[in-house]
Amino acid sequence: MTPRTAYLNGQFLPLDEAKISPLDRGFLFGDGVYEVIPVYNNCLFHCEAHITRLNSSLAGIRMIPPLSYPEWETILETVVEKNGKEDQWLYIQVTRGIDSIRDHQFPKHVVPTIFVVSYPKTRLTKEEQSQGICVTAITDIRWKYCHIKTTARLAYVLMYQEAKDAGFDEGIIINNGYAQEGTTSNFFMIRHGVIMTPPKTPLLLSGITRDCILSLAEKNKIPYRETKISERDLQKADELWITSSTRGVYPVINLNGHAVGNGKAGPLWERMWTLYDAEVTHFSLSVSH
Ligand code: PDD
């Protein structure tokens, strides 16, 4: 099998030839940030929003954006093109760079490490996605800057694994009695026809898919609210969804072993899935390549 093409510090090369120093601060400290961008029909879905978020994550760790938007576009489109025609998801990682010794202090005159790769992505049908997922509540063990999409992901990895080990597909992070987000996603709760999701605070990542869902709700006059949601509220949900760039909007059919609503994907999810799918299709046809 031909290896996937990656981009590393100015070079396009086979992924298995991409090598990084053990003194890279991303490796030593998790001192870096990342993005995941879905690619449909060769078009990068909401690319500008992802690069804007990348730049705010960089600002959050006191790094200057290493590339301009057009420079990112050229690199990302090249990687996508070299990796074939199918739908993909792009992974971008920027670290503070390589130090001469391991030292907590920011090094002077360091050059950021920039890594990009893409993987095939399957676009599920409504029927496939309507099978839904099972989630469980997980106690928050994260730091206080969860709005930064940092590569330091150990807390998320441990919480996700905790959910998996207990037989669930995803964990909903509970901080002081309030649900914040999934371990790899944002979440929405539907009650009496109103879509609700927690407001943007440093306790969650401001998801690009989350924003897309809210703007679809706005455009289509579906009532929505950004509001705090307690762990107890979750149990009263008519519907629960999780959202992310890799999964779109996914129905949750079971919470902590109990059915959500009637235990099937709900009517509002079906409507939102259709709207989101139409948005993806419209977007990928309107961007010319
Ligand atoms: N993560 N919250 C967390 C903790 C996440 O890890 C993600 C996505 C999201 C959703 O963000 P977006 O809609 O912009 O993808 C929210 C990606 C997909 C990942 O780490 O693989």
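Since the model is a prediction, treat every value here as computed from it, not as a measurement.

Asks: Residues and numbers for the domain arrangement of the chain, please.
Replies: The assigned domain composition of the chain is domain 1 (5-120) and domain 2 (126-285). The gap between the C-alpha centroids of domain 1 and domain 2 is 26 Å. Residue-level contacts link 23 residues of domain 1 with 19 residues of domain 2. Carbon and sulfur atoms supply 67% of the area buried between domain 1 and domain 2, which totals about 1,800 Å² over both sides. Of all residues in domain 1, Tyr34, Phe45 and Arg53 bury the most surface against domain 2, accounting for 35% of the area lost on that side.

Asks: Hey, could you go over the packing of helix 6 (residues 208-219) against helix 8 (residues 267-286) for me, with residue numbers and the actual values?
Replies: Across the interface, helix 6 lies against helix 8 with an axial gap of 10 Å and an inter-helix angle of 105°. Accordingly, the angle class assigned to the pair helix 6 and helix 8 is roughly perpendicular. Note on element contacts: helix 8 touches helix 6 through Met272, Leu275, Tyr276 and Glu279, opposite Thr209, Cys212, Ile213, Leu216, Ala217 and Lys219.

Asks: Before we move on, could you go through the side chain of Arg142 and cite the residues and values that matter?
Replies: Among the secondary structure elements, Arg142 is positioned in the loop between strand 7 (133-139) and helix 5 (154-165). Of the residues examined, Arg142 reaches a relative accessible area of 11% and is grouped as buried. Only 2.8 Å separates the side chain of Arg142 from the side chain of Asp140, close enough to count as a polar contact. Side-chain polar atoms of Arg142 contact the side chain of Glu181, separated by 2.5 Å. Other than its neighbours up to four places away in sequence, Arg142 contacts Ala155, Tyr156, Met159, Ile173, Gln180, Glu181, Leu203 and Leu204.

Asks: Talk me through unusual backbone geometry; I want residue IDs and the actual numbers.
Replies: Most of the time, phi is negative for any residue but glycine, and the peptide bond is trans. Even without glycine at this site, Arg62 takes up a positive phi of about 60°. Mapping Arg62 onto the fold places it in the loop between helix 2 (47-60) and helix 3 (69-82). You will see that Asn256, though not glycine, has its phi angle at about 55°, which is positive. Relative to the assigned elements, Asn256 resides in the loop between strand 15 (248-255) and strand 16 (258-259). Looking at Asn256, the relative accessible area reads 30%, which means it is partly exposed.

Asks: Before we move on, can you summarise the layout of surface pockets with the specific residues and values?
Replies: By volume, the largest pocket is sized at about 530 Å³. Residue lining of the largest pocket: 27 residues in total, with Tyr34, Lys149, Arg153, Thr184 and Ser185 positioned closest to the centre. If you list the elements that add at least two residues to the lining of the largest pocket, you get strand 3 (32-40), strand 5 (88-95), helix 5, strand 9 (178-182), helix 6 and strand 14 (239-244). The dominant element in the lining of the largest pocket, judged by the number of residues it contributes, is helix 5, at three residues. Here the residues of the lining of the largest pocket sort into eleven nonpolar, eleven polar and five charged. Shared between two domains, the lining of the largest pocket takes at least three residues from each, and those domains are domain 1 (5-120) and domain 2 (126-285). Size it by volume and the second largest pocket reaches roughly 290 Å³. Taken together, 16 residues line the second largest pocket, and the ones lying closest to its centre are Asp31, Gly60, Ile61, Arg96 and Trp143. Taken together, the residues of the lining of the second largest pocket break down into nine nonpolar, four polar and three charged. Here the lining of the second largest pocket spans two domains, since at least three of its residues come from each of domain 1 (5-120) and domain 2 (126-285).

So, how was this worked out
Residues numbered from 1 in each chain as written. Predicted model: local features only at pLDDT ≥ 70, side-chain atom pairs only at ≥ 80, totals over all residues. Heavy atoms only, no water. Domains from an automatic or database assignment. Contact = heavy atoms within 4.5 Å. Buried area = accessible area lost by both parts, 1.4 Å probe. Axes fitted to C-alpha atoms, helices over the stretch in contact; angles between N-to-C directions. Helix = DSSP H or I, 4+ residues; strand = E, 2+ residues; numbered from the N terminus. Parallel < 35°, antiparallel > 145°, perpendicular 65-115°, else oblique. Buried < 20%, exposed > 50% of the residue type's maximum accessible area, 1.4 Å probe, protein only. Polar contact = N/O pair within 3.5 Å; in protein donor to acceptor, adjacent residues only side chain to side chain. 1 Å grid on protein atoms, 1.4 Å probe; cavity = no way out; pocket = protein on both sides within 12 Å on 5 of 7 lines; lining within 4 Å. Points joined across faces, edges and corners; volume = space filled by probe spheres on them. Nonpolar A, V, L, I, M, F, W, Y, C, P; charged D, E, K, R; others polar.

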